[in-house]
Amino acid sequence: KFTFLNRAFLAWLLQLLASCAWVASVIVYGEYERGDILQLAAALCWTLSNTIAAPEAVLPLFGRREERAEVEMRGTICDKA
């Protein structure tokens, strides 16, 4: 069953992977002119944002059954809106 929590975790994981790939691409490219520095800064900010969001995406998966049910209920309500 693909639940709200599973989708939230997958969305977070894909965002994190994309941001890390962006950071890596700037580093692999190897030139650091002003535009490249801005690209790297944007990628690092995106990665940091995803890392900060991690507890909201990951911790409910490991919480008590009641907490997971509450988050699932909120997700169901959000899906219907």
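Conventions and cut-offs
Residues numbered from 1 in each chain as written. Predicted model: local features only at pLDDT ≥ 70, side-chain atom pairs only at ≥ 80, totals over all residues. Heavy atoms only, no water. Helix = DSSP H or I, 4+ residues; strand = E, 2+ residues; numbered from the N terminus. Contact = heavy atoms within 4.5 Å. pLDDT = per-residue confidence, 0-100. Phe/Tyr/Trp six-rings, centres within 6.5 Å; stacked < 30°, edge-to-face > 60°. Buried < 20%, exposed > 50% of the residue type's maximum accessible area, 1.4 Å probe, protein only. Expected span 1.5 Å × (residues − 1).

The topology assignment puts asparagine 50 in helix α2 (residues 34-62). Setting aside its immediate chain neighbours within four residues, asparagine 50 contacts Trp12, Gln15, Leu16 and Ser19.

What follows deals with the confidence of the model for the protein. For the protein, per-residue confidence averages 77 on the pLDDT scale, and residues scoring 70 or more make up 65% of the total. Within the protein, the element-level pLDDT minimum falls on helix α3 (residues 65-80), averaging 60, and the maximum on helix α1 (residues 4-29), averaging 87.

Under the criterion given, the structure shown has 2 aromatic pairs. Relative to tryptophan 12, the ring of phenylalanine 9 lies with its centre 5.8 Å away and its plane at 35°, an arrangement referred to as tilted. Here tryptophan 12 and phenylalanine 9 lie together in helix α1, a separation of 3 residues that amounts to about one turn. The exposure class assigned to phenylalanine 9 is partly exposed, which follows from its relative accessible area of 28%. Between the aromatic rings of tryptophan 22 and tryptophan 46, the centroid separation amounts to 5.9 Å while the plane-to-plane angle is 70°, which identifies the pairing as edge-to-face.

Examined against the element boundaries, alanine 24 turns out to sit in helix α1. When its relative accessible area of 35% is taken as the criterion, alanine 24 is described as partly exposed.

Position of alanine 54 among the secondary structure elements: in helix α2. On the basis of relative accessibility, which here comes to 14%, the residue alanine 54 falls in the buried class. Residues alanine 54 and tryptophan 12, spaced 42 residues apart in sequence, show a C-alpha to C-alpha distance of 7.2 Å.

In this section: α1. With 26 residues, α1 extends 37 Å between its outermost C-alpha atoms, agreeing within 8% with the 38 Å of an ideal straight helix rising 1.5 Å per residue. Those residues of α1 that fall on the buried side of the exposure criterion are Leu5, Trp12, Leu16, Ser19, Val23 and Val26. Taken from the residues just after α1, glycine 30 is the one with a positive phi, measuring 85°.

Another point: the side chain of threonine 47. Mapping threonine 47 onto the fold places it in helix α2. On the basis of relative accessible area, threonine 47 is assigned to the buried category, the value being 15%. Setting aside residues no more than four positions away along its own chain, threonine 47 makes contact with Leu16, Ser19, Cys20 and Val23.

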